[in-house]
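Each chain, written out:
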Amino acid sequence: MKSNSFYHKNEFRNYYAMKKIICSIAIIATLGIYSSSYAQKLMLGPRFGMDIATVAWDSAAQFIKPATTIGLIAGGQLDVWFNDHVALSTGLLLNQKGWTVESYDPDNFTLEYIEIPILIKVALGTGNFQPYVFAGPSIGYMFLGYTRSQAIGTLNINELVNTIDFSIVGGAGVAYNLPSGTQILVDAGYAYGLVNILNEKGVNSDANSYALLGYGPPLGYGSMPGVYKTRDIRIAAGVLFPI
């Protein structure tokens, strides 16, 4: 069992990580509000794709390691262009994160988030095909967490996982600009989770609950990790319309 001091030490680190992210979001939001009167165009539309997700944990497993699982990304995207090359890109997305534990009975873990990315997008060039890069923070609210395996079926793990996740996202893509002003885009990015997704109950959980997370003494795998952080590759496409 992890001690409360272990948990609070990680919470202390998480506090400063969150503080940095919130400050970044405030700066970007202020920039967006201040520059909105100068924006040349607003672009809005649907975005769909897949999330190739896993986690990083704080202890090396002797016999098992977390592997990737594939989830859905779906929602809307809003780009606020300040000029021909710089935009604030945000949206509201359903994002299915998670991980798989490789064993004789593979366990699949899914965490379903409502996510709001707040990204700076920089377009390269001005032709019909326009490459771009993007980076910034993303905030996720987990509304459902569960695990599935043949041995135990489907179990809810909401009570072991924090509802808020913060990530830093970076990536690149290409857009095709139609004469009408509509934009078709495809991009890929990497999201690096900064905070522990386990809550206090998860950190101080008994052995059976840790087994639900794919790692624990009942399986004979050694010490129990107290930190799980999300890692995921995001590949998506969208269509944005001028508004």
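Here the structure is a predicted model, which is why all the values come from computation and not from measurement.

**Q** Before we go on, may I ask you to explain the pattern of salt bridges in this structure?
**A** Under the criterion given, the structure shown has 7 salt bridges. Across the salt bridge formed by Arg 234 and Asp 51, the nearest N and O atoms sit 3.8 Å from each other. Of this pair, Arg 234 sits in strand β10 (residues 228–242) while Asp 51 sits in strand β1 (residues 41–57), and the two are 183 residues apart along the sequence. The class of Asp 51 is buried, set by a relative accessible area of 0%. Between Glu 115 and Lys 97 there is a salt bridge, with its nearest N and O atoms 3.7 Å apart. Here Glu 115, found in strand β5 (residues 107–123), pairs with Lys 97, found in strand β4 (residues 86–101); they are 18 residues apart in sequence, far enough to count as distant. Neither residue differs from the other here; Glu 115 and Lys 97 are each classed as buried. The network of salt bridges with shared partners includes Asp 51, Lys 97, Glu 115, Asp 165, Asp 232 and Arg 234.

**Q** Help me out: how do you make sense of the side chain of Gln 77 in this one?
**A** By secondary structure assignment, the location of Gln 77 is in strand β3 (residues 69–81). Residue class for Gln 77 comes out buried when judged on its relative accessible area of 4%. Polar side-chain contacts of Gln 77 include one of 3.0 Å to the side chain of Arg 47. Reaching out from Gln 77, the side chain makes a polar contact with the side chain of Ser 89 at a distance of 3.5 Å.

**Q** For this particular structure, what's the right way to read the packing of aromatic side chains?
**A** This structure, assessed with the given rule, holds 4 aromatic pairs. Here the aromatic rings of Trp 99 and Tyr 228 are separated by 5.6 Å at their centres, their planes lie at 45 degrees, and the arrangement is tilted. Of this pair, Trp 99 sits in strand β4 while Tyr 228 sits in strand β10, placing them 129 residues apart in sequence. Here Trp 99 matches Tyr 228 in class, with each residue buried. An angle of 40 degrees between the planes, with centres 6.3 Å apart, marks the rings of Tyr 132 and Phe 134 as tilted. Residue classification places Tyr 132 among the buried positions, given a relative accessible area of 3%. Grouping aromatic residues by their ring pairs yields a cluster made of Trp 99, Phe 109 and Tyr 228. Above the face of the Trp 81 ring, Lys 41 is positioned so that its terminal group lies 5.7 Å from the ring centre. Its end group placed over the ring of Tyr 113, Lys 97 keeps NZ or CZ at 4.8 Å from the ring centre.

**Q** Honestly, the pairing of strand β6 (residues 129–149) in this entry has me stumped. Any pointers?
**A** The side chains of a regular strand alternate between the sheet's two faces. Sheet topology places β5 next to β6; 14 bridges connect them, and they run antiparallel. Directly across from Leu 111, in β6, lies its bridge partner Gly 145. If you look at the hairpin formed by β5 and β6, you'll find 5 residues sitting between the two strands, and Gly 125 has a positive phi there, around 90 degrees. Judged from the 13 bridges that link them, β6 and strand β8 (residues 164–177) form a sheet pairing that is antiparallel. By the bridge assignment for β8, Pro 131 is matched with Val 174. Sheet topology note: the β6/strand β7 (residues 153–156) ladder contains 4 bridges and is antiparallel. Paired with Ser 149 across the strands is Gly 153, a residue of β7.

**Q** When you look at a nonpolar patch on the surface in this model, what are you seeing that I'm missing?
**A** Together, Met 50, Ile 70, Ile 168, Tyr 190, Tyr 192, Ile 233 and Ile 235 give the surface a local cluster of nonpolar side chains, amounting to about 610 Å² of exposed area. For the nonpolar patch, the elements supplying multiple residues, two or more each, are β9 (183–193) and β10. Residue placement: Ile 233 occurs in strand β10.

**Q** I'm lost on the nonpolar core in this one. Help?
**A** The nonpolar side chains of soluble globular proteins are, as a tendency, buried together. With 14 residues, the main nonpolar core has Trp 99, Leu 111, Val 161, Ile 197 and Tyr 228 as its most contacted residues. One finds Ala 87, Ala 123, Tyr 132 and Val 169 within the second-largest nonpolar core, a separate group that totals 12 residues.

**Q** Even after reading the chapter, I still don't get the environment of Ala 87, so can you show me in this structure?
**A** Summarising the element assignment, Ala 87 is placed in strand β4. Residue classification places Ala 87 among the buried residues on the basis of a relative accessible area of 0%. Separated by 44 residues in sequence, Ala 87 and Met 43 place their C-alpha atoms 10.0 Å apart. Look past the residues within four positions of Ala 87 in its chain and what remains in contact with it is Val 80, Trp 81, Phe 82, Leu 119, Ile 120 and Lys 121.

Calculation criteria
Residues numbered from 1 in each chain as written. Predicted model: local features only at pLDDT ≥ 70, side-chain atom pairs only at ≥ 80, totals over all residues. Heavy atoms only, no water. Salt bridge = Lys/Arg side-chain N within 4 Å of Asp/Glu carboxyl O. Helix = DSSP H or I, 4+ residues; strand = E, 2+ residues; numbered from the N terminus. Buried < 20%, exposed > 50% of the residue type's maximum accessible area, 1.4 Å probe, protein only. Polar contact = N/O pair within 3.5 Å; in protein donor to acceptor, adjacent residues only side chain to side chain. Phe/Tyr/Trp six-rings, centres within 6.5 Å; stacked < 30°, edge-to-face > 60°. Lys NZ or Arg CZ within 6 Å of the ring centre and 35° of its normal. Pairing = 2+ DSSP bridges. Patch = residues over 30% accessible without salt bridge, like charges linked within 9 Å, V, L, I, M, F, W, Y side chains within 5 Å. Areas by Shrake-Rupley, 256 points an atom, 1.4 Å probe, with all protein chains shown as cover. Core = buried A, V, L, I, M, F, W, Y, C linked by side-chain atoms within 4.5 Å. Contact = heavy atoms within 4.5 Å.

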